Amino acid sequence: MPKTILCEKINALYILNTKHRHFKIYKPYGYLSQFVNNQNRRKNKKLLGELADFPEGTMAIGRLDEKSEGLLLLTTDGKTSELIRSKKVEKEYFAQVDGIITQEAIDRLIAGVEFNNRGTDFLAKAHAARLLNQEDLTIIPQMKIRSDRHGPTSWLSITLTEGKFRQVRKMTAAVDHPTLRLVRVRIGTVGIEDLKAGEVIEIDESSF
């Protein structure tokens, strides 16, 4: 058998028998949801690879923008990434918003609000939304976002089955309550479960 064909078969067998690895992490505020910085204007930005020694081929499943934080799943398996990014999997966020949000505004988030997404008008609907109390907030790190003299804030849970660019922020702004802090707390059946900022935990595929 030619050497090149033998090498190809060995590599294929290795890939077939290599167990994929999966992680859940708490992406801290100020980090990019990527491992390689390919933009010079972001040369001093913090990347996920600084949080742990991940195996080769690890990728983020979806993204959180630089100013958002919370649960992010990582995998070496492209099929797993594709499944979790689909509309079949819920993503839940805790959003601290400016002002005292009303039930009417929350109902509007569920009914749908329109905003421009990269040049195209888009109707975004929350799969679910509700006000949060202090007990709900015990699963995330506490952080004072601004002085009380700037006025009151509210916390709400927003669950989506889609993920347009900065969608939660655009939705709350559309009901006149701009988001001040945004934390993703759940992806499907995987919860944040008291993860601390920057913490990394390896999980089994059965967790999804």
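Along each chain, the written sequence defines residue order, and numbers are assigned to residues from 1. Only residues with pLDDT of at least 70 are given local features in this predicted model, and only at 80 or more are side-chain atom pairs given and counted; all residues enter the totals for whole chains, interfaces and linings. The side-chain figures draw on all heavy atoms in the structure; neither hydrogens nor water molecules are used.

The secondary structure content of the protein chain amounts to four helices and 11 strands. Relative accessibility decides the category of a residue: with a 1.4 Å probe and only protein chains considered, values under 20% of the type maximum give buried, values over 50% give exposed, and everything between is partly exposed. Sorting the 208 residues of the protein chain into buried and exposed places 40% on the buried side. Taking as baseline every contact in the protein chain between residues at least 6 positions apart, the subset at least 24 positions apart corresponds to 71%. The numbering of helices and of strands both runs from the N terminus, where a helix is a DSSP run of H or I of at least 4 residues and a strand a run of E of at least 2. We call two residues in contact when some of their heavy atoms are within 4.5 Å.

Attention now goes to the confidence of the model for the protein chain. Confidence of the predictor in every single residue is expressed as pLDDT, which spans 0 to 100. Averaged over all residues, the pLDDT of the protein chain equals 88, while 89% of them reach at least 70. Note that pLDDT drops below 50 for residues 3–17; the model gives that stretch two contacts with residues more than four away or on any other chain.

By definition, a salt bridge exists where a carboxyl oxygen of Asp or Glu is found within 4 Å of a side-chain nitrogen of Lys or Arg. Inspection of every chain in the model, using the stated rule, returns 11 salt bridges. Residue Lys45 is joined to Glu66 by a salt bridge in which the shortest nitrogen-to-oxygen separation is 2.9 Å. Residue Lys45 is found in the loop between strand E1 (22–27) and strand E2 (59–61), and its partner Glu66 is found in the loop between E2 and strand E3 (69–75); the two are separated by 21 residues along the sequence. A salt bridge links Arg169 to Asp65, with the nearest nitrogen and oxygen atoms 3.5 Å apart. In this pair, Arg169 sits in helix H4 (residues 167–174) while Asp65 sits in the loop between E2 and E3, placing the two residues 104 residues apart along the sequence. Judged by relative accessible area, which is 12%, Arg169 ranks as buried.

With that settled, the discussion passes to the packing of aromatic side chains. Aromatic contacts are taken between Phe, Tyr and Trp rings whose centres are within 6.5 Å, Trp giving its six-membered ring; a plane angle under 30 degrees counts as stacked, one over 60 as edge-to-face, and the others as tilted. The full count for this structure, using the stated rule, is three aromatic pairs. When the centroid spacing of 5.6 Å and the interplanar angle of 85° are considered together, the rings of Phe35 and Phe54 count as edge-to-face. On the criterion of sequence distance, the pair formed by Phe35 in the loop between E1 and E2 and Phe54 in the loop between E1 and E2 is long-range, its members being 19 residues apart. Assessed through its relative accessible area of 26%, Phe35 is described here as partly exposed. Phe54 sits in the buried class, given a relative accessible area of 13%. A connected cluster of aromatic rings, assembled from ring pairs, spans Phe23, Phe35 and Phe54.

Attention shifts here to the nonpolar core. The set of buried Ala, Val, Leu, Ile, Met, Phe, Trp, Tyr and Cys residues whose side-chain atoms join them within 4.5 Å is what this entry labels a nonpolar core. In this structure, Leu109, Leu156, Ile158, Val168 and Met171 are the most contacted members of the largest nonpolar core, which totals 21 residues. Every element with two or more residues in this core is listed here: strand E4 (91–98), helix H3 (103–111), strand E5 (113–117), strand E6 (120–124), strand E8 (153–160) and H4. Ignoring anything within four residues of it in the chain, the contact list for Leu156 reads Tyr93, Phe94, Ala95, Val97, Ile101, Leu109, Arg130, Leu131 and Leu132. Core analysis: the second largest hydrophobic core is formed by 18 residues, Tyr26, Phe94, Ile140 and Ile187 among them.

Residues Val113, Phe115 and Asn117 of E5 are buried on one face, while the alternating residues Glu114 and Asn116, pointing to the opposite face, are not. Summarising the sheet, E5 and E6 pair through five bridges and their orientation is antiparallel. The partner of Asn116 across the bridge, within E6, is Asp121. A pair of strands counts as paired when DSSP detects no fewer than two bridges linking them. The hairpin formed by E5 and E6 contains two residues between the paired strands, and Arg118 there has a positive phi angle of roughly 50°.

Tracing the chain through its elements places Leu123 in strand E6. Residue Leu123 is classed as partly exposed on the basis of its relative accessible area, which comes to 46%. Along the backbone, Leu123 and Val113 are 10 residues apart, and their C-alpha atoms lie at a distance of 5.6 Å. Beyond its immediate stretch of four places on either side in the chain, Leu123 contacts Gly112, Val113 and Glu114.

Assignment of secondary structure puts Ser33 in the loop between E1 and E2. Residue class for Ser33 comes out buried when judged on its relative accessible area of 5%. In protein, a polar contact means a hydrogen-donor-capable atom and an acceptor-capable atom, both N or O and within 3.5 Å, with residues adjacent in sequence counting only if both atoms are side-chain atoms; elsewhere, any N or O pair within 3.5 Å suffices. Within the structure, Ser33 has its side chain in polar contact with the backbone oxygen of Leu64 (distance 2.8 Å). In this view, Ser33 contacts Lys27, Leu48, Ala60, Arg63, Leu64 and Leu72; residues no more than four positions away in its chain are not counted.

Mapping Lys24 onto the fold places it in strand E1. Judged by its relative accessible area of 5%, Lys24 is buried. Reaching out from Lys24, the side chain makes a polar contact with the backbone oxygen of Gly191 at a distance of 2.8 Å.

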